[in-house]
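Summary of the model geometry
What follows is the residue order along each chain.
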Amino acid sequence: MNHRRNAIIGGAVALSSFFALGAGAAAGAATPHASGSTTHLASAIQATVHTATTQVGAMTETILVNAKGLPLYYYQADKATKSQVSGALAQLWPAVVSTKPTASGVKGKVASVEQADGRQVTYNGHFLYTFVDDSPGHVTGQGVSDFFVATPNIRTIGNPATVKAAPAPVAPSRGYGY
């Protein structure tokens, strides 16, 4: 219960920071994410999918986030045409849904695919989700239940390059073949 209360308080702080950032951008103040353009900032905030830089474990990474700044994840067990997330899992990992998803600052393909709960947003074919314990700028679901943070460089699902081949056996240096 304490964790949930802290998440709500953290969300309120993040939200107030978000509105302060918006007010600063509207006044023409420079912000690290504005790239010198308040128009770029406004379009990124309104986009269904855009990027943000945040801590993922011990590393700073550029990740995909939704219009509210929440980190986006993909589920390793999903298929290219069917989300495998349902029931209690879907309550913890809500699907990102939009009939006409938009993107800002990403080079991959953003689309939506009809699923039981509506048109779920995909990035390079991966269905996208948020995690209930996350807040803007805070990644807490990395690796939990086979969900992983989506990054702009995620390969297209089903692409043979996404399957890692076992390393080739190393031949002994002296020619001993056993």
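Scroll up for the structure.
So, here is what we can say about the structure in this document. Source: prediction; values computed, not measured.

Thresholds, definitions, all that
- Residues numbered from 1 in each chain as written.
- Predicted model: local features only at pLDDT ≥ 70, side-chain atom pairs only at ≥ 80, totals over all residues.
- Heavy atoms only, no water.
- Helix = DSSP H or I, 4+ residues; strand = E, 2+ residues; numbered from the N terminus.
- Buried < 20%, exposed > 50% of the residue type's maximum accessible area, 1.4 Å probe, protein only.
- Contact = heavy atoms within 4.5 Å.
- Areas by Shrake-Rupley, 256 points an atom, 1.4 Å probe, with all protein chains shown as cover.
- Pairing = 2+ DSSP bridges.
- Polar contact = N/O pair within 3.5 Å; in protein donor to acceptor, adjacent residues only side chain to side chain.
- Phe/Tyr/Trp six-rings, centres within 6.5 Å; stacked < 30°, edge-to-face > 60°.
- Core = buried A, V, L, I, M, F, W, Y, C linked by side-chain atoms within 4.5 Å.

Quick look at the overall build of the chain now. Helix and strand counts for the chain stand at 3 helices and 8 strands. Put simply, the chain runs from its N terminus to its C terminus through helices and strands in the order α-α-β-β-β-α-β-β-β-β-β. Within the span of the chain, comprising 178 residues, buried residues form 30% of the whole. A separation of at least 24 residues holds for 58% of the contacts in the chain among residues at least 6 apart in sequence. With the model as given, the accessible surface of the chain reaches about 11000 Å², and the carbon-plus-sulfur share is 58%.

In the sheet, strand 5 (residues 110-115) pairs with strand 6 (residues 118-123) via 6 bridges, with the strands oriented antiparallel. The residue of strand 6 that forms the bridge with Q115 is G118. Here strand 6 folds back onto strand 7 (residues 126-127), and the loop between the two strands holds 2 residues, one of which, N124, carries a positive phi near 50°.

Attention now moves to the sheet that holds strand 5. With respect to topology, 3 strands assemble into an open sheet ordered 5-6-7, the strand pairing being antiparallel. Two strands in the sheet have a free side with no partner beyond their single neighbour: strand 5 and strand 7.

Looking at the element boundaries, P71 is found in the loop between strand 2 (59-65) and strand 3 (73-75). Taking the C-alpha atoms as reference points, P71 and Q142, separated by 71 residues in sequence, lie 9.8 Å from one another. The residues touching P71, leaving out its near neighbours within four places in the chain, are I63, L64, V65, Y129, T130, D134, S135, H138 and V139.

The next thing to look at is the side chain of H126. Take H126: it is sitting in strand 7. On the basis of relative accessible area, H126 is assigned to the buried category, the value being 10%. At a separation of 2.8 Å, a polar atom in the side chain of H126 contacts the main-chain carbonyl oxygen of R155. For H126, the residues in contact, after removing those within four places along its chain, are Y74, V121, I154, R155, T156 and I157.

With that settled, the discussion passes to the sheet that holds strand 1 (residues 49-56). Strand order in the open sheet made by the 3 strands is 2-1-4, with mixed pairing throughout. Both edges of this open sheet fall to strand 2 and strand 4 (103-104), since each of them pairs with a single strand only. Across 7 bridges, strand 1 lies against strand 2 in antiparallel orientation. Across the sheet, residue V56 finds its bridge partner in strand 2, namely M59.

Moving on to the packing of aromatic side chains. On inspection of all chains with the given rule, the structure shows 7 aromatic pairs. Arranged with centres 6.0 Å apart and planes meeting at 40°, the rings of Y74 and F148 form a pair that is tilted. Separated by 74 residues along the polypeptide, Y74 in strand 3 and F148 in strand 8 (residues 147-149) bring together distant segments of the chain. By relative accessible area, F148 is classed as partly exposed at 22%. Considering the side-chain rings of Y129 and F147, the 5.5 Å spacing of their centres and the 90° angle between planes classify their relative orientation as edge-to-face. Of this pair, Y129 sits in the loop between strand 7 and strand 8 while F147 sits in strand 8, placing them 18 residues apart in sequence.

This part is about the nonpolar core. Residues I63, Y73, W93, Y129, V139, F147 and V149 are the most contacted members of the largest nonpolar core, which totals 13 residues. Listing elements by their share of this core, those giving two or more residues are strand 2, strand 3 and strand 8. When residues no more than four places from it in sequence are discounted, the contact partners of I63 are H50, T51, A52, T54, V56, P71, V139, V149, A150, T151 and P152.

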